[in-house]
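# Descriptive structure summary
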Amino acid sequence: WMDANLPVLDCSPVSAVIEAGGGWGMMDVAPNPFASQLRVSGPERFDLRLTNALGEVVWQAFDQKKSTTIDTEMLLPGCYWLTGTSDGRTWSRLVI
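Throughout what follows, the structure given in this document is the object of discussion. Fair warning: this is a prediction, and the values are worked out from it, not measured in the lab.

## Here's the deal with the packing of aromatic side chains
- Evaluated as defined, the whole model comprises one aromatic pair.
- A centroid spacing of 6.3 Å and a plane angle of 55° characterise the contact between F34 and Y80, whose relative ring orientation is tilted. In this pair, F34 sits in the loop between β1 (28-30) and β2 (37-52) while Y80 sits in strand β4 (residues 80-86), placing the two residues 46 residues apart along the sequence. Grouping residues by exposure puts F34 and Y80 together as buried.

Shown next as structure tokens:
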């Protein structure tokens, strides 16, 4: 049984993402959209998780210190959720 009213996730090519209000809490992510690397900088220590549109974890790292670079060459083109956690606070960001 299929419901024709299900929302469709559009992951078509994007040339730029502009954020209203700028910033992402205590973490910065660049570039977005990304090609071969994604740079993340944040608080003193943080955990990161990157999940695909199906909710599958495709990359994760724990106890990162101030910044990290994610090698994204192994990822298929599409939309991903980057989730960061530090001191009990969690942020999520759509990256393309």
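## Observations regarding the pairing of β4
- Within β4, five of the seven residues are buried, which leaves the element mostly enclosed by the surrounding structure.
- Note: β4 against strand β5 (residues 89-95), seven bridges, orientation antiparallel. Bridge assignment links G84 to a residue of β5, and that residue is W91.

## A short note on the nonpolar core
- Of all hydrophobic cores here, the largest spans 16 residues; its most connected members are L38, V40, L48, L50, L82 and V95.
- The dominant element in this core, judged by the number of residues it contributes, is β2, at five residues.

## Some thoughts on the pairing of β2
- As paired elements, β1 and β2 share three bridges and run antiparallel to each other. Paired with D28 across the strands is S41, a residue of β2.
- Sheet topology note: the β2/strand β3 (residues 57-71) ladder contains 11 bridges and is antiparallel. In the sheet register, Q37 faces β3, and the bridge partner there is D71.
- Counting the residues that bridge the hairpin from β2 to β3 gives four residues, and of these G55 lies at a positive phi of roughly 85°.
- Pairing of β2 with β4, which is carried by six bridges, proceeds in the antiparallel orientation. Considered in β4, the bridge of L48 is made with G84.

## Considering the side chain of S86
- Assignment of secondary structure puts S86 in strand β4.
- Take S86: its relative accessible area is 5%, and that puts it in the buried class.
- A polar contact is formed between the side chain of S86 and the backbone oxygen of R45, at a distance of 2.9 Å.

What counts as what
- Residues numbered from 1 in each chain as written.
- Predicted model: local features only at pLDDT ≥ 70, side-chain atom pairs only at ≥ 80, totals over all residues.
- Heavy atoms only, no water.
- Phe/Tyr/Trp six-rings, centres within 6.5 Å; stacked < 30°, edge-to-face > 60°.
- Helix = DSSP H or I, 4+ residues; strand = E, 2+ residues; numbered from the N terminus.
- Buried < 20%, exposed > 50% of the residue type's maximum accessible area, 1.4 Å probe, protein only.
- Pairing = 2+ DSSP bridges.
- Core = buried A, V, L, I, M, F, W, Y, C linked by side-chain atoms within 4.5 Å.
- Polar contact = N/O pair within 3.5 Å; in protein donor to acceptor, adjacent residues only side chain to side chain.

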